[in-house]
Amino acid sequence: MQVCPQCQSDRLVNNGSAAGKPKKLCRQCGYQFTRTTPRGKPLAMKVHAVLWYLSGISMHRITFLLRVSAQSVLNWLRTLAQEHYEKPEPTSRAIILELDEMWHYLKQKRRKLWIWKALDRDTGQLLDWECGRRDQATLKKLVDRLLPWDVKVYGTDKWATYASVIPQDTLVQSKALTHEIERNHCRQRHGFGRFKQKSIIVSQSKEMVDLVVLQKWPEI
């Protein structure tokens, strides 16, 4: 028995045709339609696409395996990331923060996008990040958002831009205080095809880069 896809009512009547297909009109809600089968790909296919992406397979490889368009896979990944996009809330606990940046390509290989990250040294949790250029303006956006956190020490490498933005009394520029965040870079490049260094992958959207940073890769 056919039912209305809008309200699931079976009070349907014929209402002409469109493109050679009979149209139905729902007496209960007034919805008019020509088909009752759901549109789009099955949920299982979307779940497999997301799991493969989180396992390190590139988006374009997934499109080849599933025989779907790249835009479809991109929409599925974006929907999942937007639903789970939530940065940690500040706590009253004093923390030692590690700051560092990693590069990625945006639009073309000659244009680098820098991802600035802030990581809690004690817990290994990524607290915040900012995508942009490798300059003071981008770093300042990140540091300003970190003000609600009770940061006692900022651990960075010896790049001069950090000293021009972060107060000197809380800044320690030493590679000894960036081990954890460097490890985070390595895991991200290993866990996502998008961020692999020896790759032809170039992101077309800064939004997708920002959303993917939040996602967790499976432990191996």
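The following paragraphs examine the structure supplied in this document. These numbers come from a predicted model, not from an experiment.

## Here's the deal with the sheet that holds strand β3 (residues 32-33)
Overall, antiparallel pairing links the 3 strands, which are arranged β1-β2-β3 in an open sheet. Looking at which strands have only one partner, the edges of the open sheet turn out to be β1 (12-18) and β3. In terms of strand pairing, β1 meets strand β2 (residues 21-26) through 5 bridges, oriented antiparallel. Paired with Val 13 across the strands is Leu 25, a residue of β2.

## Observations concerning the nonpolar core
In terms of nonpolar packing, the biggest core is built from 29 residues, with Tyr 53, Val 73, Leu 77, Ile 115 and Phe 195 touching the most fellow members. Contacts of Leu 77, omitting those with residues within four sequence positions, involve Ala 49, Val 50, Tyr 53, Met 59 and Met 208. In this structure, Leu 97, Ala 118, Leu 139 and Leu 146 belong to the second largest nonpolar core, which totals 17 residues.

## Quick notes on the packing of aromatic side chains
Throughout the structure, instances matching the rule amount to 6 aromatic pairs. Aromatic side chains Tyr 31 and Phe 33 sit 5.8 Å apart centroid to centroid with 15° between the ring planes, which places their arrangement in the stacked category. Classification of Tyr 31 by relative accessible area gives partly exposed; the value is 33%. Measuring from ring centre to ring centre gives 6.1 Å for Trp 159 and Tyr 162, while their planes differ by 80°; the resulting arrangement is edge-to-face.

## Observations regarding the sheet that holds strand β4 (residues 95-106)
If you trace the 5 strands from one edge of the open sheet to the other, you get β6-β5-β4-β7-β8, paired in mixed fashion. Edge positions in the open sheet fall to β6 (126-132) and β8 (171-173), since each of these has one partner strand only. On average, each strand axis in the sheet is tilted by 25° relative to the strand beside it, whichever way the strands run. Summarising the sheet, β4 and strand β7 (residues 151-156) pair through 4 bridges and their orientation is parallel. Considered in β7, the bridge of Leu 97 is made with Tyr 154.

## A short note on the pairing of β6
On any regular strand, side chains alternate: one points to one face of the sheet, the next to the other face. Most of β6 is tucked away: 7 of the 7 residues are buried. Pairing of strand β5 (residues 108-120) with β6, which is carried by 6 bridges, proceeds in the antiparallel orientation. The residue bridging Lys 117 from the neighbouring strand is Trp 129, located in β6. If you look at the hairpin formed by β5 and β6, you'll find 5 residues sitting between the two strands, and Gly 124 has a positive phi there, around 75°.

## Some words on helix α1 (residues 43-54)
For an α-helix the count is 3.6 residues per turn, leaving residues at separations of three or four pointing the same way. Taking 1.5 Å as the rise per residue, α1 with 12 residues should run 16 Å; its terminal C-alpha atoms sit 17 Å apart, in good agreement. Burial in α1 covers these residues: Ala 49, Val 50, Tyr 53 and Leu 54. Buried residues of α1, seen end-on, are gathered within an arc of 130° and therefore sit on one face of the element. Immediately downstream of α1, the backbone of Gly 56 shows phi near 105°, a positive value.

## Looking at the pattern of salt bridges
Taken as a whole and judged by the stated rule, the model has 12 salt bridges. Between Asp 144 and Lys 140 there is a salt bridge, with its nearest N and O atoms 3.0 Å apart. With Asp 144 and Lys 140 both in helix α4 (residues 136-145) and 4 residues apart, the pair spans about one turn of that helix. The class of Asp 144 is partly exposed, set by a relative accessible area of 36%.

Each value, and the rule that gives it
Residues numbered from 1 in each chain as written. Predicted model: local features only at pLDDT ≥ 70, side-chain atom pairs only at ≥ 80, totals over all residues. Heavy atoms only, no water. Pairing = 2+ DSSP bridges. Helix = DSSP H or I, 4+ residues; strand = E, 2+ residues; numbered from the N terminus. Core = buried A, V, L, I, M, F, W, Y, C linked by side-chain atoms within 4.5 Å. Buried < 20%, exposed > 50% of the residue type's maximum accessible area, 1.4 Å probe, protein only. Contact = heavy atoms within 4.5 Å. Phe/Tyr/Trp six-rings, centres within 6.5 Å; stacked < 30°, edge-to-face > 60°. Axes fitted to C-alpha atoms, helices over the stretch in contact; angles between N-to-C directions. Expected span 1.5 Å × (residues − 1). Arc of directions from axis to C-beta. Salt bridge = Lys/Arg side-chain N within 4 Å of Asp/Glu carboxyl O.

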